Amino acid sequence: MPRDTALPRAACKPSAQHRPLLHRLLDLQALWRQRRRLAELDDAALRDMGISRADALHEASRKPWDAPAHWRG
């Protein structure tokens, strides 16, 4: 009986650099939108999440290509 040589599905996931350009651009747009909305939250919502207004504004001011490390690889 032949051995199954297929890699597990997680091992086949392409890295961020190998994803199609359109997908990467859509990810950047989503990140930009999320950061913009974070800056628009009121103080009560930020408190519920444990985020200060200064932290929210700092995160919102980051450039879209300044993505978390786990998005890049």
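Before reading further, recall that the structure is shown in the block above.
Every chain's residues receive numbers from 1 upward, in the order its sequence appears when written. Since the coordinates come from a predicted model, pLDDT governs what is reported: local features require at least 70, and pairs of side-chain atoms require 80 or more to be given and counted, while whole-chain, interface and lining totals use all residues. Excluded from the side-chain calculations are hydrogens and water; all other atoms, namely the structure's heavy atoms, are used.

Visitor: It is not clear to me how the pattern of salt bridges should be interpreted in this structure. Could you clarify?
Guide: Pairing is possible between side chains of opposite charge, provided their charged atoms come close. The rule for a salt bridge is simple: a side-chain nitrogen of Lys or Arg has to be within 4 Å of a carboxyl oxygen of Asp or Glu. The tally for this structure, following the rule as stated, stands at 5 salt bridges. Of the charged contacts in the structure, one is a salt bridge between Glu-59 and Arg-35, with a shortest N-O distance of 2.9 Å. With Glu-59 in helix H3 (residues 53-61) and Arg-35 in helix H1 (residues 21-40), the pair connects residues that are 24 residues apart, well separated along the chain. With a 1.4 Å probe rolled over the protein chains alone, any residue whose accessible area is under 20% of its type maximum counts as buried; one over 50% counts as exposed, and the rest are partly exposed. Residue classification places Glu-59 among the partly exposed residues on the basis of a relative accessible area of 24%. The closest approach of N and O atoms between Arg-62 and Glu-59, which form a salt bridge, is 2.9 Å. Through salt bridges that share partners, Arg-35, Glu-59, Arg-62 and Asp-66 make up one connected network. Only runs of H or I of at least four residues qualify as helices and only runs of E of at least two qualify as strands under DSSP, and these elements are numbered from the N terminus.

Visitor: Just checking my understanding: could you explain the packing of H1 against H3 for this structure?
Guide: Interaxial distance between H1 and H3 falls to 8 Å at its minimum, and their mutual angle equals 155°. Here H1 lies roughly antiparallel to H3, going by the angle between them. Crossing hand, H1 versus H3: left-handed. Contacts between H1 and H3 involve Arg-35, Leu-38 and Ala-39 from the former and Arg-53, Ala-56, Leu-57, Glu-59 and Ala-60 from the latter. Residues are sorted three ways: Asp, Glu, Lys and Arg are charged, Ala, Val, Leu, Ile, Met, Phe, Trp, Tyr, Cys and Pro are nonpolar, and all the rest, Gly among them, are polar. Here the contact of H1 with H3 is built from residues that sort into 5 nonpolar, no polar and 3 charged. Only the contacting stretch of a helix is used when fitting its axis, a line to C-alpha atoms as for every element, and angles between N-to-C directions run 0 to 180 degrees. Our angle categories are set so that under 35 degrees counts as roughly parallel, over 145 as roughly antiparallel, 65 to 115 as roughly perpendicular, and the remainder as oblique. For any helix crossing, the convention is left-handed if the near helix is rotated counterclockwise from the far helix by under a right angle, and right-handed if that rotation is clockwise. We call two residues contacting when some pair of their heavy atoms lies within 4.5 Å.

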